[in-house]
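# Results of the structural survey
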Amino acid sequence: SPAKAGDFVYVGQRDGQILALDADTGELRWSFQATAAMYGSFTIVDGALYAGSTDHNVYALDASTGELRWKYETGNWLVAAPSVVDGIVVIGGQDAEMYMLDASNGTLRNQVGTGAGVDSAPTLIGDVAYLTARGGRVIAYDYRQKDFPFQKGVWSIWFQLWIWRGAPEPPNPPGLKWAVNMGRSEIVLSESASDGERLFVSSLSGKLRALDLETGERLWRKEGLGKLRTSPIISGDAVIQVS
């Protein structure tokens, strides 16, 4: 979808171009050429446009001129819009990783596995990023958590030892609040939504779930809604879901 900020409308194309159009006239103000398709929308914060591309890069551009501020290469396609808050860019990729980058220079702050490819933007509430992934996974992670040396390796070894009963049950990796697996057949393509107490997640199989925001516990589930590809919308005390 197009994104609008100030006097500009921003559009991504399958040839890798980002176009900035005058919102009143449609006149081209600037363009930027990435090397592969833009499938996700853009996020504009504090004069910068942030985008993910199927060329594996996260881009930060000057929103007024299109000048490249920085780019960061990930491990696979990026098909969702990034979320940006408090100087941190959060985006999930098809390499089953979530990246947290410094918004000012693109430095990697942290990177965590999601267990499956990510097609949607994270929902940021307070200090927590709620991310949905293919394979029915929903992850709540403190996006401020920084990486420390050998973090992923130590946790992976501990997890393997626990499986083989050589160690006590491992604690959650630093920053992980909770993770829910709704089943491998539950493909989630859309962003979650929240009313501040519950997280609403829809899946392609036609199920809409309400999860407790603090624990991930399922509060209710509605089935038989048809194929759900779009995010739920919260309006007052109602949840609106098109199918």
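Placed above this text is the structure.
Scope of this entry: the structure provided in the associated data block. The model shown is predicted, which means the values in this text are computed figures rather than measured ones.

## Details of the environment of G52
- Relative to the elements of secondary structure, G52 occurs in strand β6 (residues 48-52).
- Sequence separation between G52 and V79 is 27 residues, and the spatial gap between their C-alpha atoms is 6.5 Å.

## Some details on the pairing of strand β11 (residues 97-102)
- Along β11, 5 of the 6 residues are buried, which leaves the element largely enclosed by surrounding structure.
- Two elements, strand β10 (residues 88-92) and β11, share 5 bridges in a ladder whose sense is antiparallel. Of the residues in β11, the one forming a bridge with V89 is L101.
- Pairing analysis gives 5 bridges linking β11 to strand β12 (residues 108-113), with the strands arranged antiparallel. Residue Y99 lies in a different strand from β12, and its bridge partner there is Q111.
- In this structure, the hairpin formed by β11 and β12 is closed by a connection of 5 residues, where G106 is found at a positive phi of approximately 80 degrees.

## A closer look at the pattern of salt bridges
- For the coordinates displayed, the defined rule picks out 9 salt bridges.
- The residue E186 makes a salt bridge to K207 at a minimum N-O spacing of 3.5 Å. Within this pair, whereas E186 is found in the loop between β16 (176-181) and β17 (193-194), its partner K207 is found in the loop between β18 (198-202) and β19 (208-212), the two being separated by 21 residues in sequence. K207 shares its class with E186; the two are buried.

## Describing the packing of aromatic side chains
- The final tally for this structure, using the stated rule, is 8 aromatic pairs.
- Considering the side-chain rings of F32 and Y59, the 5.4 Å spacing of their centres and the 65 degrees angle between planes classify their relative orientation as edge-to-face. Here Y59 lies in strand β7 (residues 57-62) and F32 lies in strand β4 (residues 28-33), a separation of 27 residues in the sequence.
- A residue is classified by how much of its surface remains accessible, and F32, at 14% relative accessible area, is buried.
- The class for Y59 is buried, based on a relative accessible area of 3%.
- Between the aromatic rings of F200 and W220, the centroid separation amounts to 6.0 Å while the plane-to-plane angle is 45 degrees, which identifies the pairing as tilted. Here F200 is found in strand β18, whereas its partner W220 is found in strand β20 (residues 218-222), with 20 residues between them in sequence.

Reading the values: rules and limits
- Residues numbered from 1 in each chain as written.
- Predicted model: local features only at pLDDT ≥ 70, side-chain atom pairs only at ≥ 80, totals over all residues.
- Heavy atoms only, no water.
- Helix = DSSP H or I, 4+ residues; strand = E, 2+ residues; numbered from the N terminus.
- Buried < 20%, exposed > 50% of the residue type's maximum accessible area, 1.4 Å probe, protein only.
- Pairing = 2+ DSSP bridges.
- Salt bridge = Lys/Arg side-chain N within 4 Å of Asp/Glu carboxyl O.
- Phe/Tyr/Trp six-rings, centres within 6.5 Å; stacked < 30°, edge-to-face > 60°.

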